[in-house]
Amino acid sequence: MPISYPAILELRETGKEYTYTDRETMLYALGVGMGNDPMNTDELPFVYEQDLRALPTLATVVAWGAGVPTDKLGVNYKLVLHGEEKTILHRPMPVAATIVADSGVVEVFDKGEGKGAIIVRQTVLRDKADGEPIATLERTIVARGDGGSGGSIAPTPKPHPTPEREPDKIVDYRTAGNQAAIYRLSGDRNPLHIDPERGKAAGFDGPILHGLCSYGFTCRAVVEAFCDFDPGIVASHQARFSSPVFPGDTLRIKLWKEDDKTISFEAQVPERGKTVIRNGLTVLR
């Protein structure tokens with residue numbers, strides 16, 4: 001079934017409830033590499049229940065499974081890629097909560113026959129206790145096999161430009177060999193990220209790291225480099241995915257401080273000379 005536009009914009013998944021505890025908050029932090037050094041007291045509050053803090057990008061996993069399912073979009077699932085992610089924090093992420101997720105399709109940009117389509121989905125997470133929003137997730141997928149099947153012909157939004165000067169800070173993180181094995185316990189159990197045979201069947205040398213895991217590493221870098229480990233300062237975090245990361249790779253995250261509230265970033269794997277995350281933008285409060 002091809003994309004049906006504009007009917008696709010009416011697709012909704014509302015009122016789905018999820019509960020997470022301090023356990024999920026700490027597990028997510030471990031999944032993006034925090035707590036590797038047991039003597040690092042700056043990272044300790046993210047992996048220890050005493051004075052626990054939640055990383056902003058925890059929002060991407062606490063309602064895993066929420067959102068309009070891909071099979072309802074009318075696209076060829078085998079040709080779908082995760083293109084971009086944006087996390088908007090209406091308030092700091094709580095370390096534990098029961099949340100309600102409301103999801104829909106924001107827009108479809110048709111790039112034309114043979115060129116694919118861009119689909120933007122949105123999920124709003126609200127605290128069940130007071131009904132107020134905690135975070136809004138905007139997830140963009142590239143449907144490579146569905147161009148010319150309907151959608152807006154307006155130009156897609158321009159990506160945030162990466163500065164053409166030397167970065168103000170560079171943070172290196174060596175991902176662990178079991179990084180994907182840990183991260184998948186936060187929700188995304190796609191076997192592509194743990195089964196060597198599934199990785200090879202997809203055209204890789206083995207399992208690849210989740211894109212949202214690399215995305216979490218970039219947010220961790222911003223919190224470390226410019227927030228003095230205070231995650232509540234982050235108002236939004238967004239980026240484009242450009243190349244896979246393998247467990248064990250080094251993530252070299254380059255950061256530019258544009259002004260008091262704007263941080264640009266990108267991530268590279270220096271061992272392979274690949275830029276894996278582009279056009280990153282974090283806005284601080």
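Preceding block: the structure.
Residues numbered from 1 in each chain as written. Predicted model: local features only at pLDDT ≥ 70, side-chain atom pairs only at ≥ 80, totals over all residues. Heavy atoms only, no water.

Novice: Residue-level account of the overall build of the chain, with values.
Specialist: If you tally the helices and strands in the chain, you get five helices and 10 strands. For 285 residues, the compact-globule estimate of 2.2 N^0.38 gives 19 Å, and the chain sits close to it at 18 Å. The buried share among the 285 residues of the chain stands at 50%. Of the roughly 13500 Å² that the chain leaves accessible, carbon and sulfur atoms contribute 49%. Here the chain contributes 33 positively and 39 negatively charged side chains, and the mean placements of these two sets differ by 4 Å. (Helix = DSSP H or I, 4+ residues; strand = E, 2+ residues; numbered from the N terminus. Rg over C-alpha atoms; globule rule 2.2 N^0.38 Å. Buried < 20%, exposed > 50% of the residue type's maximum accessible area, 1.4 Å probe, protein only. Areas by Shrake-Rupley, 256 points an atom, 1.4 Å probe, with all protein chains shown as cover. Lys, Arg positive; Asp, Glu negative; His and termini not counted. Charge placed at Lys NZ, Arg CZ, Asp CG, Glu CD.)

Novice: Lay out the pairing of strand S10 (residues 274–284) with the relevant residues and their values.
Specialist: Of all the 11 residues making up S10, eight are buried; the element is thus mostly covered by neighbouring parts of the structure. Looking at chain direction, strand S7 (residues 234–241) and S10 are connected through six bridges and run antiparallel. Across the sheet, Val234 pairs through a bridge with Leu284, a residue of S10. Where strand S9 (residues 262–269) meets S10, seven bridges bridge the pair, whose relative direction is antiparallel. Residue pairing for S10: Val269 is matched across the bridge by Lys274. Counting the residues between successive antiparallel strands, the hairpin from S9 to S10 contains four residues, one of them, Gly273, with a positive phi of roughly 65 degrees. (Pairing = 2+ DSSP bridges.)

Novice: Just give me the short version of the nonpolar core, but keep the residues and values in it.
Specialist: Counting residues in each nonpolar core, the largest one holds 53 residues, and the members touching the most others are Val32, Leu58, Met93, Ile99, Leu125 and Leu255. In terms of residue count, the dominant contributor to this core is helix H5 (residues 211–226) (nine residues). Sequence-distant contacts of Leu125, that is, excluding residues within four places in its chain, are made with Ala59, Val62, Ala63, Ile99, Val100, Ala101, Glu132, Pro133, Ile134, Ala135 and Leu137. One finds Ile3, Ile8, Val68 and Leu73 within the second-largest nonpolar core, a separate group that totals 12 residues. (Core = buried A, V, L, I, M, F, W, Y, C linked by side-chain atoms within 4.5 Å. Contact = heavy atoms within 4.5 Å.)

Novice: Could you give me a rundown of the side chain of Glu13, with the residues and numbers involved?
Specialist: Among the secondary structure elements, Glu13 is positioned in strand S1 (residues 12–20). Within the structure, Glu13 has its side chain in polar contact with the side chain of Lys72 (distance 3.0 Å). Excluding its chain neighbours within four sequence positions, the residues that come into contact with Glu13 are Gly67, Val68, Pro69, Lys72, Ala101, Asp102 and Ser103. (Polar contact = N/O pair within 3.5 Å; in protein donor to acceptor, adjacent residues only side chain to side chain.)

Novice: Describe the packing of aromatic side chains, and please don't skip the residues or the numbers.
Specialist: Under the defined criterion, the tally for this structure stands at four aromatic pairs. Taken together, a centroid distance of 6.3 Å and an interplanar angle of 75 degrees make the contact between Phe204 and Phe246 edge-to-face. Pair noted here: Phe204 is in the loop between helix H4 (196–201) and H5 and Phe246 is in the loop between S7 and strand S8 (250–257), with a separation of 42 residues, a long-range link. Among the residues examined, Phe204 registers a relative accessible area of 25% and is labelled partly exposed. What makes Phe246 buried here is its relative accessible area of 17%. Here the guanidinium or amino end of Lys169 rests over the ring plane of Phe226, the centre of that ring lying 5.0 Å away. When the ring centre of Tyr173 is taken as origin, the NZ or CZ atom of Arg220, which lies over that ring, is 3.9 Å away. (Phe/Tyr/Trp six-rings, centres within 6.5 Å; stacked < 30°, edge-to-face > 60°. Lys NZ or Arg CZ within 6 Å of the ring centre and 35° of its normal.)

Novice: Any details on the environment of Phe241? Residues and values, ideally.
Specialist: Positionally, Phe241 belongs in strand S7. For Phe241, a relative accessible area of 19% puts it in the buried group.

Novice: Tell me what's going on with helix H1 (residues 22–31), and back it up with residues and numbers.
Specialist: Regarding H1, the residues found buried are Thr25, Met26, Leu27, Tyr28, Ala29 and Gly31. Residues of H1 that are buried make contact with S1, helix H2 (44–47), helix H3 (179–183) and H5. Once H1 ends, the next one or two residues include Gly33, with phi positive near 90 degrees.

Novice: Any details on unusual backbone geometry? Residues and values, ideally.
Specialist: Pro6 follows Tyr5 through a cis peptide bond whose omega is 15 degrees. Relative to the assigned elements, Pro6 resides in the segment before S1. Unusually for a residue other than glycine, Asp51 sits at a positive phi of about 55 degrees. Mapped onto the elements, Asp51 comes out in the loop between H2 and strand S2 (80–89).

Novice: Help me get a handle on the pattern of salt bridges, residues and values and all.
Specialist: Enumeration according to the criterion identifies 11 salt bridges in this entry. Residue Arg91 is joined to Asp130 by a salt bridge in which the shortest nitrogen-to-oxygen separation is 3.1 Å. One end of the pair, Arg91, is in the loop between S2 and strand S3 (97–110); the other, Asp130, is in the loop between strand S4 (117–127) and strand S5 (133–143), with 39 residues separating them in the sequence. For Asp130, a relative accessible area of 42% corresponds to the partly exposed category. As a salt-bridge pair, Asp249 and Arg272 come within 2.5 Å of each other at their nearest N and O atoms. Within this pair, whereas Asp249 is found in the loop between S7 and S8, its partner Arg272 is found in the loop between S9 and S10, the two being separated by 23 residues in sequence. (Salt bridge = Lys/Arg side-chain N within 4 Å of Asp/Glu carboxyl O.)

Purely geometric numbers; function is a separate question.
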